[in-house]
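Understanding the architecture of this molecule
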Amino acid sequence: MRFTTSALLLGAASSAMAYEDQKVLGGNKPSVGSVGFDMNVDVDSWLKPLEEAFGEFTSEAKAVWDEVAMLAPEAVAEFKKQVIGRKPKPSTRRPDSHWDHIVKGADVQDIWVQDENGESRRKIGGQLENFNLRARKVDPSSLGVDTVKQYAGYLDNEADDKHLFYWFFESRNDPENDPVVLWLNGGPGCSSLLGLFMELGPATIDKNIKVVNNPYAWNNNASVIFLDQPINVGYSYGSGRVSSTVEAGKDVYALLSLFFHQFPEYAKQDFHIAGESYGGHYVPAFSAEILSHKERNINLKSAIVGNGLTDGYTQYAYYRPMGCGEGGYPAVLSESQCESMDRALPRCQSLIKSCYESESTWSCVPAAMYCNQAMIGPYQRTGRNVYDVRHDCEDSSNLCYSSMGYVTKWLNEASTMEALGVEVDGYDSCNFDVNRDFLFAGDWMKPIMRYVPTLLEELPVLIYAGDADFICNWLGNQAWVEALEWPGHDAFAAAKMKGLHLASDKDSAEYGKVKSSGNFTFMQIYQAGHMVPLDQPEPSVDFLNRWIAGEWFEK
């Protein structure tokens, strides 16, 4: 069955175009040339009103748009349909009496302390006055997800009507000393509760919609926060709008600041931010936002990205090799398709380069539209799982994974939502509108890798990749980390790949390779697709525990 990656399960690259009645999250989209797709797109006639939102539409930009409108008319037609102001999710805010804790950002900002020089300063920096945090203890017996202490609630940006849902689980081991991890799924627009129940959380949901314990959960030795962001993802809601990684990072900083203020027993622990797929955007930018505040209560110690999209210019060059049999698995694409992708790559990279140079919407959007059609489109049309070159798509209605449907059904049960204090009338696993907002604001192709050298001055950074993924494949991830310009570049390039074995069994089979130098580490994980903890649960918790313990960097 053919399908579109207009909204990807855990982030990656959206084609934002349709082929032959392919199914997307919102249903069927019209085929190329059918009603709704104007093949004679007059770019000037409908882009002018958008200049106020996105800046001046220069003659150079118009020339690029005219070209892309000719080469990828379906993609431009989709952009044309973009709606600027959508109805928010139906929601009912619970009374303050429902919550065990309410933290007002304005009160936190009013806390002043004296520094070592006797001068007064705010205890926690940043613009927090419009934010509040609500938290309630979750009764473990009510849902059976885990027996550990849990909190769920919302971060509210009252000024912009944004309400982000989170679910916190204490470590199963030693919560008074174990670190805290924030986990972020990608999309953009996909819920981190998918990561909770499909990958690395304390439980999974089986085909009978029953909770099943996960012995390889990441909270075995760390407390973990799962966050639905940006707004209108998962259980989050609001009439506000977020369409860039930088904007989203400010909300995440506020959530962490208020959470650790309310629960200072976790603030003293090491904190690690982790994510996958579009997390390749989120994690570097959010880490940079945290570090930009000198006065903070977030003890950030490392950044972790799994199968991420971080440097499009470098990574898009590896779609052809991965799809054509050079990534360690048999070719999915034909020789003619591979040759077509080879021919398209120079133009794709020139468009991405223009985006990198200007970072304007007018440059970055056509780069995403053209490159996604030319470099991802051929693979999409095969019906193969874009997240795993080893398999066909098993369930197109749930982005190739039947288990995603199980999770969505359980999270939509009334008893689940009541136990968590949810304020929306239903759960959406992925929100296509959010995905499209980020794509059509130009966020997709931004040069996120530019954050990484600065991070490496202060933090260890881990990039890991399952080697059966196509959409954010290991070849592209290894290429961008090796190409990154930073003071430790030469030493990292010279570092040797070493085998990874389970720490608990040195004689176990090699499950991957690792190279590390200075604060930078790269891992290739064997026989794993886009979601490494799903396919390799024991190895994933093994390298996570060893990473947070400082095996590949000095704590």
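A short tour of the structure in this document, coming up. All residue numbers refer to positions counted from 1 along the written sequence of the respective chain. For this predicted model, a pLDDT threshold of at least 70 governs which residues receive local features, and a threshold of 80 or more governs which side-chain atom pairs are given and counted, while totals over whole chains, interfaces and linings are taken from all residues. Note that water and hydrogens are dropped before the side-chain values are worked out from all heavy atoms of the structure.

1. With respect to the packing of aromatic side chains
Stated precisely, the cut-off is as follows: Side-chain rings of Phe, Tyr and Trp (the six-membered ring for Trp) are treated as a pair once their centres are within 6.5 Å; stacked means planes under 30 degrees apart, edge-to-face means over 60, and tilted covers the remaining angles. Only runs of H or I of at least four residues qualify as helices and only runs of E of at least two qualify as strands under DSSP, and these elements are numbered from the N terminus.
Tallying each qualifying case throughout the model produces 34 aromatic pairs. On the numbers, 6.5 Å between centres and 45 degrees between planes, the contact of Tyr-313 with Tyr-356 is tilted. A residue pair is termed long-range when its members are at least 10 positions apart, and Tyr-313 in helix α11 (residues 312-315) and Tyr-356 in helix α13 (residues 335-358) qualify at 43 residues.

2. Some details on the environment of Asp-392
Quick reminder of the rule: For this analysis, residues touch if any pair of their heavy atoms sits within 4.5 Å. Pairing of N or O atoms within 3.5 Å defines a polar contact, subject to two protein rules: one partner must be a possible hydrogen donor and the other a possible acceptor, and residues neighboring in sequence count only if both atoms are side-chain atoms.
If you trace the backbone, Asp-392 turns up in the loop between α14 (361-380) and α15 (402-411). Asp-392 has contacts with Gly-383, Arg-384 and Asn-385, leaving out every residue within four places of it along the chain. At a separation of 2.9 Å, a polar atom in the side chain of Asp-392 contacts the side chain of Arg-384.

3. Some points on helix α19 (residues 474-483)
The condition is simple: For the exposure calls, accessible area comes from a 1.4 Å probe over protein chains only, and a residue counts as buried if that area is under 20% of its type's maximum, exposed if over 50%, partly exposed in between.
Burial runs high along α19: eight of the 10 residues are buried. Looking at the packing, one finds that the buried side of α19 touches α11, α12 (319-323), α18 (452-458), β16 (461-466), α20 (489-494) and β19 (520-525). By the N-cap criterion, in which a side-chain oxygen at the helix start approaches the backbone nitrogen of a residue two or three places on, α19 is capped by Asn-473, the distance to Leu-475 being 3.3 Å.

4. Section: the nonpolar core
For the record, the criterion: Buried Ala, Val, Leu, Ile, Met, Phe, Trp, Tyr and Cys residues that are joined via side-chain atoms within 4.5 Å together make up what is termed a nonpolar core.
Counting residues in each nonpolar core, the largest one holds 165 residues, and the members touching the most others are Trp-167, Phe-197, Tyr-235, Leu-256, Phe-271, Tyr-316 and Phe-520. With 11 residues, α14 is the largest single contributor of residues to this core.

5. With respect to the pairing of strand β12 (residues 223-228)
Stated formally: Should DSSP find at least two bridges between two strands, the strands are regarded as paired.
Among the six residues in β12, six count as buried, and that is most of the element. Both faces of β12 are covered, namely the face carrying Ser-223, Ile-225 and Leu-227 and the face carrying Val-224, Phe-226 and Asp-228. Sheet topology places strand β8 (residues 162-169) next to β12; five bridges connect them, and they run antiparallel. Considered in β12, the bridge of Trp-167 is made with Phe-226. Relative to β12, strand β9 (residues 180-184) is paired through four bridges, and the arrangement is parallel. If you follow Trp-183 over to β12, its bridge partner there is Phe-226.

6. Some words on unusual backbone geometry
Gly-187 connects to Pro-188 through a cis peptide bond whose omega is -15 degrees. If you trace the backbone, Pro-188 turns up in the loop between β9 and α7 (192-200). A cis geometry characterises the amide bond from Gln-229 onward to Pro-230, with omega recorded as -5 degrees. Its identity as a non-glycine residue notwithstanding, Asp-161 has a phi of 55 degrees, on the positive side.

7. With respect to the packing of α13 against α14
What counts here: With axes taken as lines fitted to C-alpha atoms, and helix axes fitted only over the stretch in contact, angles between N-to-C directions fall between 0 and 180 degrees. When describing relative orientation, an angle under 35 degrees is termed roughly parallel and one over 145 degrees roughly antiparallel, while 65 to 115 degrees is termed roughly perpendicular and anything else oblique. Handedness of a crossing is defined here by the sense of rotation of the near helix relative to the far one, left-handed for an anticlockwise turn of less than a right angle and right-handed for a clockwise turn. The nonpolar class holds Ala, Val, Leu, Ile, Met, Phe, Trp, Tyr, Cys and Pro. Asp, Glu, Lys and Arg form the charged class, and all remaining residues, Gly among them, are polar.
It is at 8 Å that the axes of α13 and α14 come closest, and there the two elements cross at 160 degrees. Regarding the angle of α13 to α14, the classification is roughly antiparallel. For α13 against α14, the interelement crossing comes out left-handed. Here Gln-337, Met-341, Ala-344, Leu-345, Arg-347, Cys-348, Leu-351, Ile-352, Ser-354, Cys-355 and Ser-358 of α13 come into contact with α14, specifically with Ser-363, Cys-364, Pro-366, Ala-367, Tyr-370, Cys-371, Ala-374, Met-375 and Pro-378. Residue classes in the contact of α13 with α14 are distributed as 15 nonpolar, four polar and one charged.

8. Quick look at empty space enclosed by the protein
Worth spelling out the cut-off: As defined here, a cavity is a set of points on a 1 Å grid over the protein atoms alone where a 1.4 Å probe fits but cannot get out. A pocket is an open set with protein on both sides within 12 Å along at least five of seven lines, and residues line them when an atom is within 4 Å of a point. Grid points are joined across faces, edges and corners, and a volume is the space filled by probe spheres set on the points.
Counted according to the given criterion, the structure contains two cavities of 30 Å³ or more. Its volume calculated, the largest cavity comes out at about 40 Å³. Lining the largest cavity, in full, are Leu-309, Gln-315, Tyr-316, Tyr-319, Ile-471, Cys-472, Asn-473 and Gly-476. Looking at the lining of the largest cavity residue by residue, the class counts come to five nonpolar, three polar and no charged. Taken as a whole, the second largest cavity encloses approximately 30 Å³ of empty space. Along its surface, the second largest cavity is lined by His-98, Trp-99, Arg-136, Lys-137, Val-138, Ala-152, Ala-419, Leu-420 and Gly-421. For the lining of the second largest cavity, the residue count by class is five nonpolar, two polar and two charged.

9. Observations concerning the pattern of salt bridges
This is how it is decided: When a carboxyl oxygen of Asp or Glu lies within 4 Å of a side-chain nitrogen of Lys or Arg, that pair is called a salt bridge.
Summed over all chains, the structure comprises 20 salt bridges. Linking Asp-156 and Arg-93 is a salt bridge whose minimum nitrogen-to-oxygen distance equals 3.4 Å. Of this pair, Asp-156 sits in strand β7 (residues 150-157) while Arg-93 sits in the loop between α4 (73-80) and β3 (101-104); the two residues are 63 residues apart in sequence, bridging distant segments of the chain. Residue classification places Asp-156 among the buried positions, given a relative accessible area of 0%. For Arg-134, the salt bridge is made with Asp-156, and the minimal N-O distance between the two is 2.7 Å. You can see Arg-134 sitting in strand β6 (residues 131-138) and its partner Asp-156 sitting in strand β7, a full 22 residues away along the chain. By relative accessible area, which is 1% here, Arg-134 ends up buried. Salt bridges linked by common partners bring Arg-93, Arg-134, Asp-156, Glu-158 and Glu-423 together as one network.

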